Amino acid sequence: MIYRNDRFLRGGDHTPYVQRGYAAVRITEMNENFTRQHQDVRTEKGIQYGDLPEFIDFEYLRKNTAMNLASLANLAKSTGKPLELKIEVRKLTNTTNLSWKSPKYGKPKGFYVLMRETTAPQWQNKFFTTETQIELPYSKDNYFFGVQSVSADGNESLPEIPVPSRQ
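Conventions and cut-offs
Residues numbered from 1 in each chain as written. Predicted model: local features only at pLDDT ≥ 70, side-chain atom pairs only at ≥ 80, totals over all residues. Heavy atoms only, no water. Helix = DSSP H or I, 4+ residues; strand = E, 2+ residues; numbered from the N terminus. Expected span 1.5 Å × (residues − 1). Polar contact = N/O pair within 3.5 Å; in protein donor to acceptor, adjacent residues only side chain to side chain. Buried < 20%, exposed > 50% of the residue type's maximum accessible area, 1.4 Å probe, protein only. Contact = heavy atoms within 4.5 Å. Core = buried A, V, L, I, M, F, W, Y, C linked by side-chain atoms within 4.5 Å. Pairing = 2+ DSSP bridges. Axes fitted to C-alpha atoms, helices over the stretch in contact; angles between N-to-C directions. Phe/Tyr/Trp six-rings, centres within 6.5 Å; stacked < 30°, edge-to-face > 60°. Lys NZ or Arg CZ within 6 Å of the ring centre and 35° of its normal. Salt bridge = Lys/Arg side-chain N within 4 Å of Asp/Glu carboxyl O.

Q: Please give an account of helix α2 (residues 58-77) that cites residues and values.
A: An ideal rise of 1.5 Å per residue puts 28 Å on 20 residues; α2 measures up with 28 Å between its terminal C-alpha atoms. Here α2 starts with a cap whose side-chain oxygen sits 3.3 Å from the backbone nitrogen of Glu59, and that cap is Asp57.

Laid out in structure tokens, this is it:
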């Protein structure tokens with residue numbers, strides 16, 4: 001994972017979606033070949049430039065497309081994400097209180113509360129609950145939290161991130 005919307009000097013097809021509030025991820029090759037990518041088709045000094053079919057790894061493309069379709073299918077089967085997720089910040093404690101509302105669309109079987117250390121790039125723990133609030137024995141200062149809806153079939157929504165609340 002590269003936690004940057006795009007690479008320098010070029011955009012991504014996902015950017016307009018992100019700018020309009022939709023979840024979008026750019027999946028790309030880590031080590032780009034600049035004679036192929038981001039080039040007009042041409043031959044210069046004996047070097048062929050540009051994206052051409054003979055340079056495509058169709059097996060990789062098939063696997064990549066299958067992964068994207070599986071992810072989209074899972075999201076389509078999930079309920080909506082939790083609404084109005086809040087983290088209580090009105091007092092100093094070593095516990096974390098989260099509350100939210102059920103999604104507008106779909107009836108979830110329950111919710112996963114996600115947790116990770118502030119320095120971790122991925123979720124490290126998740127706790128299942130059927131309630132719309134939870135108190136965790138972890139300091140809100142040391143962790144990031146999120147909540148996902150879980151459908152009856154186990155499909156998970158995108159996570160929602162809490163906003164601070166003094167209520």
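There is more to say after this.
Q: Tell me about the side chain of Thr96, and please be specific about residues and values.
A: With respect to the helices and strands, Thr96 occurs in strand β4 (residues 96-101). Judged by its relative accessible area of 0%, Thr96 falls in the buried class. Looking at Thr96, its side chain comes within polar contact range of the main-chain oxygen of Tyr138, at 2.6 Å. Apart from residues no more than four positions distant in its own chain, Thr96 is found in contact with Ile87, Ile134, Glu135, Leu136, Tyr138, Ser139, Lys140 and Phe145.

Q: Mind laying out the nonpolar core, listing which residues take part and the relevant values?
A: Within the largest apolar cluster, 12 residues are counted, these being Leu85, Ile87, Leu98, Trp100, Phe111, Val113, Met115, Ile134, Leu136, Tyr143, Phe145 and Val147. Setting aside its immediate chain neighbours within four residues, Val147 contacts Pro82, Leu85, Trp100, Phe111, Tyr112, Val113, Leu158, Pro159 and Glu160.

Q: Please give an account of the sheet that holds strand β9 (residues 163-165) that cites residues and values.
A: Taken in spatial order, the 4 strands line up as β7-β4-β3-β9 in an open sheet, and their pairing is mixed. In the strand order of this sheet, the two ends are held by β7 (133-136) and β9, each with one partner. Each neighbouring strand pair of the sheet contributes to a mean axis angle of 30 degrees, computed without reference to strand direction. As paired elements, strand β3 (residues 83-88) and β4 share 3 bridges and run antiparallel to each other. Following the sheet pairing, Leu83 is matched in β4 by Lys101.

Q: With reference to specific residues and values, describe the side chain of Thr129.
A: Along the chain, the position of Thr129 falls in strand β6 (residues 125-129). Engagement of the side chain of Thr129 in a polar contact is seen with the backbone nitrogen of Glu131, the distance being 3.0 Å. In contact with Thr129, not counting residues within four places along its chain, are Trp100, Gly110, Phe111, Val113 and Ile134.

Q: Outline the packing of aromatic side chains, listing residues and values.
A: Under the criterion given, the structure shown has 5 aromatic pairs. Relative to Tyr143, the ring of Tyr138 has its centre 5.6 Å away and its plane inclined at 75 degrees; by these criteria the two rings are edge-to-face. Counting every residue linked through ring pairs, the aromatic cluster contains Phe127, Tyr138, Tyr143 and Phe145. Lying over the aromatic face of Tyr49, Arg42 brings its terminal NZ or CZ to 4.2 Å of the ring centre. Of note, Lys126 hangs over the ring of Tyr112, and the distance from its end group to the ring centre comes to 4.1 Å.

Q: Can you break down the pattern of salt bridges residue by residue, with the values?
A: Overall, the coordinates contain 6 salt bridges when judged by the stated rule. A salt bridge links Arg42 to Glu44, with the shortest nitrogen-to-oxygen separation between them at 3.1 Å. By relative accessible area, Glu44 is classed as partly exposed at 38%.

Q: Report on unusual backbone geometry, specifying residues and quantitative values.
A: Non-glycine residue Lys45 carries a positive phi angle of around 55 degrees. With respect to the helices and strands, Lys45 occurs in the loop between β1 (42-44) and β2 (47-49). Given a relative accessible area of 82%, Lys45 falls into the exposed group. At Glu84, a position not held by glycine, the phi torsion is positive, near 50 degrees. Summarising the element assignment, Glu84 is placed in strand β3.

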